[in-house]
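# Structure assessment
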Amino acid sequence: MSLNQTKQDTALWDKYRAKIYSKRGGWRIGKGVYNCGYDMMNELVGEKSYMQVMFLNATGRLPDRKLADWLEAVHICLSWPDPRIWCNHIGALGGTVRASVVSATVAGTLAGDSKAYGQKTLVAGVSFIQKALAAYNDGISVEEIISGECAKHGGKPIIMGFARPIAKGDERAEAMARVSKLLGFSVGPHMKLAYQIEDVLSRDYDESLNICGFVSAFLSDQNMTPEGAYQAFALLVSSGVTACYLDVVGRPAGTFSPLQCEDIEYQGAPARALPVSCP
Amino acid sequence: MGKDAVKVIKREEQYAKKISTKIWYEEPTEQNPYIAQQSRCHGYDLIELVKGRSYVEVLYLLFRSELPTKEEAAIFEQLLISFINPGPRHPATRAAIVTGVGKTDPVHILPIALSTMGGNFQGAGEVEPAVRFLRKNVKKDPKQVVQRLLDEGAKPAEGDWSIAPGFGSYFGGVDEMAHQLALQMTAQPGSGKLLAWGNEFANELHEHQMGWLKTGVAAAVLAELGFLPFASATVYQLISAPGLLAHGLEYCKKPMTSYPFPEDKDYVIESD
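Per-chain numbering applies: the sequence of each chain, read as written, is numbered from 1 onward. Throughout, the order in which chains and ligands are written sets their labels, letters from A for the former and numbers from 1 for the latter. Local features in this predicted model are restricted to residues whose pLDDT is 70 or higher, and side-chain atom pairs enter the listing and the counts only when it is 80 or higher, whereas totals over whole chains, interfaces and linings include all residues. As a rule here, side-chain values come from all non-hydrogen atoms in the structure, and water together with hydrogens is ignored.

### Re the overall build of chain B
In this description a helix means any DSSP run of H or I spanning at least four residues, a strand means any run of E spanning at least two, and both kinds are numbered starting from the N terminus. Scanning chain B for helices and strands turns up 11 helices and eight strands. Using C-alpha atoms as the atom set, the radius of gyration is obtained and then compared with a globule rule of 2.2 Å times the number of residues to the power 0.38. The C-alpha radius of gyration computed for chain B amounts to 23 Å, which surpasses the reference 19 Å derived for 272 residues by more than 25%, pointing to a less compact arrangement than a globule. Dimensions along the principal axes, computed over C-alpha positions, put chain B at roughly 65 × 60 × 55 Å. Residue exposure (1.4 Å probe, protein chains only): buried if accessible area is under 20% of the type maximum, exposed if over 50%, otherwise partly exposed. The buried share among the 272 residues of chain B stands at 44%. Contact criterion: two residues are considered in contact whenever any of their non-hydrogen atoms come within 4.5 Å of each other. Sequence-distant contacts, at least 24 apart, represent 65% of the contacts inside chain B between residues at least 6 apart. Within the structure as shown, chain B displays about 14600 Å² of accessible surface, and the carbon and sulfur contribution to it stands at 56%. Residues scored as charged are limited to Lys and Arg (positive) and Asp and Glu (negative), so that His and the chain ends carry no count. Charged side chains are reduced to one point each, which is NZ for Lys, CZ for Arg, CG for Asp and CD for Glu. Taking the 28 positively charged and 33 negatively charged side chains of chain B as two groups, their mean positions are separated by 6 Å. Here the accessible surface of atoms and residues is derived via Shrake-Rupley with a 1.4 Å probe, and residues count as covered only by protein chains that are part of the display.

Written out as structure tokens, the structure is:
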């Protein structure tokens, strides 16, 4: 006997069945391709930069060229051709097994969906600085904001957007500050607070603002939400992954950091005989 | 914008010199240190496992570090069969099919489909919170938990309501397959208190057109088998892989016209 005894309302699914709806646009065959109301071939191609259209695709909003150039600079900052970086390492491993360039690049880019580095950190970074500014505007001091965050991590200065793995200091934040100035952006309230937090962290913990923190504060000053920032940077690390893949593809297969058996430290159970049957 | 020049200094952190593992040991040959002459899984010789153990037992061993009991192996096998295929309507399967029909390299079918299977709705992303929910509530009265969730929660204005992770409505009603699979596995000797509690909880939800979701059933069984919440989510992906791949491969040899491409009249640009 069915558990669904009464006739159920399936109107929502019936509406979407065998149809596709889009608020963004699409291809009207023989007429044109439309994107958020723009005629792509006539209003976007050759008229707007790739970054402007990428941001449009991510947010539904076409940014001015200045902001698009800023976004492009961030993508350069986050696409290093160093295969020691986790996402790039995956690209290089794809190269050594002769995966396709797309497979390796996408796999490495997916690895950037991480709580520790890459695209996803922007969610926590933007959330933090926006909450911090709200608290600051309510009269909470910078020191109190920091101590509140440290208390969540046993007194350690673990705040998304500040400090970074492997090294202290972040040359990318400095480079982006320079780019921001060159493009004519001023320091907004979130960025100002981020620098104030950095001053205290630097004094008390010898830690500084990182690229995630810089980007998070900047985008918050551009009125972006945490999710919006994350969506706009979905492919952030991809170009560096491709570079690492291609460097390895140019070498003999299987030679990217190959491991001898003894290069693996075995920490498990000693050799044992198989029981006659299941326990 | 900006401050003084930044000094970048390498941290004095100690990174491991070697990869370490408790799972697998490879014994090198004397002649070539890159070539293994024996592989062991948690201490057991791979050749012996090949000769004397089922796939289900070795799969369990791989993740749980010990061979399963007969009861554990039996319910684990039933779980693997229960969710071997999300079915051709599931978005992850459709991703596999589109990969196949689109003439994409077939080696990409699984990565593409499993990425989709990682979603938080009807996917692996729902399994981890479902394990946590079951563990947290298993000692509570299911009827009271349902009442509290009904009182505290808000049914969405449209679409399905997942009143708790792993439980809710499915296309507006009770997912009958999830219910049947839960009962089937509950009848196994290896079944435990999480499945039993989930059945009671689901029964209380039926009058509200809700019940078990497949992800909830999988979560209950995996948790009872000792899988950690985050591991349960990923194992659910693994379990679904055969079905996803089969559907993708089925379409590899079919023409591109064999998958629906909606007419313009059925493609609605809402800004029109």
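On we go.
### Thoughts on the pattern of salt bridges
Where side chains of opposite charge bring their charged atoms close, a pairing between them can arise. Residue and element names in this part refer to chain A. Salt bridge, as applied in this entry: a Lys or Arg side-chain nitrogen positioned within 4 Å of an Asp or Glu carboxyl oxygen. Enumeration over the complete set of coordinates arrives at 19 salt bridges over all chains. The salt bridge partner of K168 is D206, with a shortest N-O separation of 3.3 Å. In this pair, K168 sits in strand β5 (residues 167–168) while D206 sits in the loop between α10 (189–205) and α11 (211–221), placing the two residues 38 residues apart along the sequence. For D206, a relative accessible area of 47% corresponds to the partly exposed category.

### Observations concerning unusual backbone geometry
Residues and elements named next belong to chain A. Non-glycine residue A18 carries a positive phi angle of around 60°. Locating A18 in the fold gives a position in the loop between α1 (11–16) and β1 (20–22). Exposure remark for A18: the relative accessible area of 65% places this residue in the exposed category.

### Considering the sheet that holds strand β3 (residues 24–28) of chain B
A pair of strands is treated as paired once DSSP finds two or more bridges between them. Pairing is antiparallel in the open sheet, where three strands are placed in the order β3-β4-β5 (chain B). Two strands in the sheet have a free side with no partner beyond their single neighbour: β3 and β5 (44–45) of chain B.

### Details of the side chain of A:D39
Residue and element names in this part refer to chain A. Within the secondary structure, D39 is located in strand β4 (residues 38–39). With no salt bridge to any partner, buried D39 finds its closest opposite charge in K31, at an N-O distance of 12 Å. For this analysis, a polar contact is any N or O atom pair within 3.5 Å, provided that within protein one partner can donate a hydrogen and the other can accept it, and provided that sequence-adjacent residues contribute only side-chain to side-chain pairs. A distance of 3.3 Å separates a polar atom in the side chain of D39 from the backbone nitrogen of M41.

### Here we look at the pairing of strand β3 (residues 32–35) of chain A
All names here are of chain A. Inspection of the sheet shows strand β2 (residues 25–28) paired to β3 by four bridges, in the antiparallel sense. From the neighbouring strand, G25 faces β3, where its bridge partner is N35. Joining the antiparallel neighbours β2 and β3 is a turn of three residues, in which G30 adopts a positive phi near 90°. Summarising the sheet, β3 and β4 pair through two bridges and their orientation is antiparallel. Its bridge partner lying in β4, N35 is registered against Y38. What sits between the antiparallel neighbours β3 and β4 is a turn of two residues, in which C36 has the positive phi angle 50°.

### With respect to the nonpolar core
Core analysis: the largest hydrophobic core is formed by 57 residues, its most contacted members being B:F76 and B:F201. Marked domain ranges trace back to an automatic or database domain assignment. A domain split of this core shows at least three residues from each of domain 1 (24–68) and domain 2 (91–252) of chain B. With residues up to four places along the chain from it excluded, the contact list for B:F201 reads B:F133, B:P142, B:V145, B:V146, B:L149, B:A164 and B:F167. For this analysis, a nonpolar core means a set of buried residues of the types Ala, Val, Leu, Ile, Met, Phe, Trp, Tyr and Cys, connected via side-chain atoms within 4.5 Å. Core analysis: the second largest hydrophobic core is formed by 54 residues, A:C87, A:I129, A:A132 and A:V215 among them.

### Focus on α11(A)
All names here are of chain A. In terms of burial, α11 is largely enclosed, as 10 of its 11 residues are buried. Buried within α11 are the following residues: I211, C212, G213, F214, V215, S216, A217, F218, L219 and S220. In this structure, the buried side of α11 is in contact with α4 (65–77), α7 (121–137), α9 (171–183), α10 and α12 (226–232). Two residues or fewer past α11, N223 is found with a positive phi of approximately 65°.

### Description of the packing of aromatic side chains
Aromatic rings from Phe, Tyr and Trp, taking only the six-membered ring of Trp, are treated as a pair when their centres fall within 6.5 Å; an angle between ring planes under 30 degrees marks them as stacked, one over 60 as edge-to-face, and anything in between as tilted. Taken as a whole and judged by the stated rule, the model has 20 aromatic pairs over all chains. Both rings, one in A:F185 and one in A:F218, keep their centres 4.8 Å apart while their planes meet at 85°; by these two values the pair is edge-to-face. A residue pair is termed long-range when its members are at least 10 positions apart, and A:F185 in the loop between α9 and α10 and A:F218 in helix α11 qualify at 33 residues. Residues A:F185 and A:F218 agree in their burial class; the two are buried. Considering the side-chain rings of B:F133 and B:W197, the 5.9 Å spacing of their centres and the 65° angle between planes classify their relative orientation as edge-to-face. Linking B:F133 in helix α6 (residues 127–137) with B:W197 in helix α9 (residues 193–206), this pair joins segments that are 64 residues apart in sequence. Each member of the pair, B:F133 as well as B:W197, carries the same accessibility label: buried. Grouped by ring-pair contacts, the aromatic residues B:F133, B:F167, B:W197, B:F201 and B:W212 constitute a single cluster. Here, over-ring charges are defined by two tests on the NZ atom of lysine or the CZ atom of arginine: distance to the ring centre within 6 Å, and angle to the ring normal within 35 degrees. For the cation-ring pair, A:K15 lies above A:Y21, with the distance from its terminal atom to the ring centre recorded as 5.1 Å. The ring of B:F227 is capped by B:R64, whose NZ or CZ atom sits 6.0 Å from the centre of that ring.

### Notes on the packing of α6(B) against α9(B)
All names here are of chain B. Note on geometry: axes are lines fitted to C-alpha atoms, helical ones only across the stretch in contact, with angles between N-to-C directions running from 0 to 180 degrees. Taken N-terminus to C-terminus, the directions of α6 and α9 make an angle of 90°; their axes are 10 Å apart at the nearest point. Overall, the two elements α6 and α9 adopt an arrangement that is roughly perpendicular. In this structure, α6 uses F133, L134, R135 and N137 to contact α9, whose residues at the interface are L194, W197, G198 and F201. Charged means Asp, Glu, Lys or Arg here, nonpolar means Ala, Val, Leu, Ile, Met, Phe, Trp, Tyr, Cys or Pro, and polar covers whatever is left, Gly included. When the residues that make up the contact of α6 with α9 are grouped by side-chain class, the tally is five nonpolar, two polar and one charged. If an angle is under 35 degrees, it is roughly parallel; if it is over 145, roughly antiparallel; if it lies from 65 to 115, roughly perpendicular; otherwise it is oblique.

### Notes on the interface of chain A and chain B
Counting from both sides, the interface comprises 67 residues of chain A and, opposite them, 65 residues of chain B. Both sides together, the interface formed by chain A and chain B hides about 5700 Å², and carbon and sulfur atoms give 56% of it. Across the chain A-chain B interface, the total number found is three salt bridges. B:E66 is the partner of A:R272 in a salt bridge, and the nearest nitrogen-oxygen pair spans 3.0 Å. Linking chain A with chain B are 28 residue pairs in polar contact (both at pLDDT 80 or more). Take the accessible area each of two parts loses on contact, using a 1.4 Å probe, and add the two losses: that sum is the buried area.

### Looking at the domain arrangement of chain B
Residues and elements named next belong to chain B. Here the domain parsing of chain B yields domain 1 (24–68) and domain 2 (91–252). Computed over C-alpha atoms, the centres of domain 1 and domain 2 are 31 Å apart. Domain 1 puts four residues into the contact, and the matching count from domain 2 is five residues. Taken over both partners, the interface formed by domain 1 and domain 2 buries close to 390 Å², and the fraction arising from carbon and sulfur atoms is 75%. Looking at the side of domain 1 facing domain 2, the largest losses of area belong to Y60, F63 and R64, adding up to 88% of the total buried there. Linking domain 1 to domain 2 there are three residue pairs in polar contact (both at pLDDT 80 or more).

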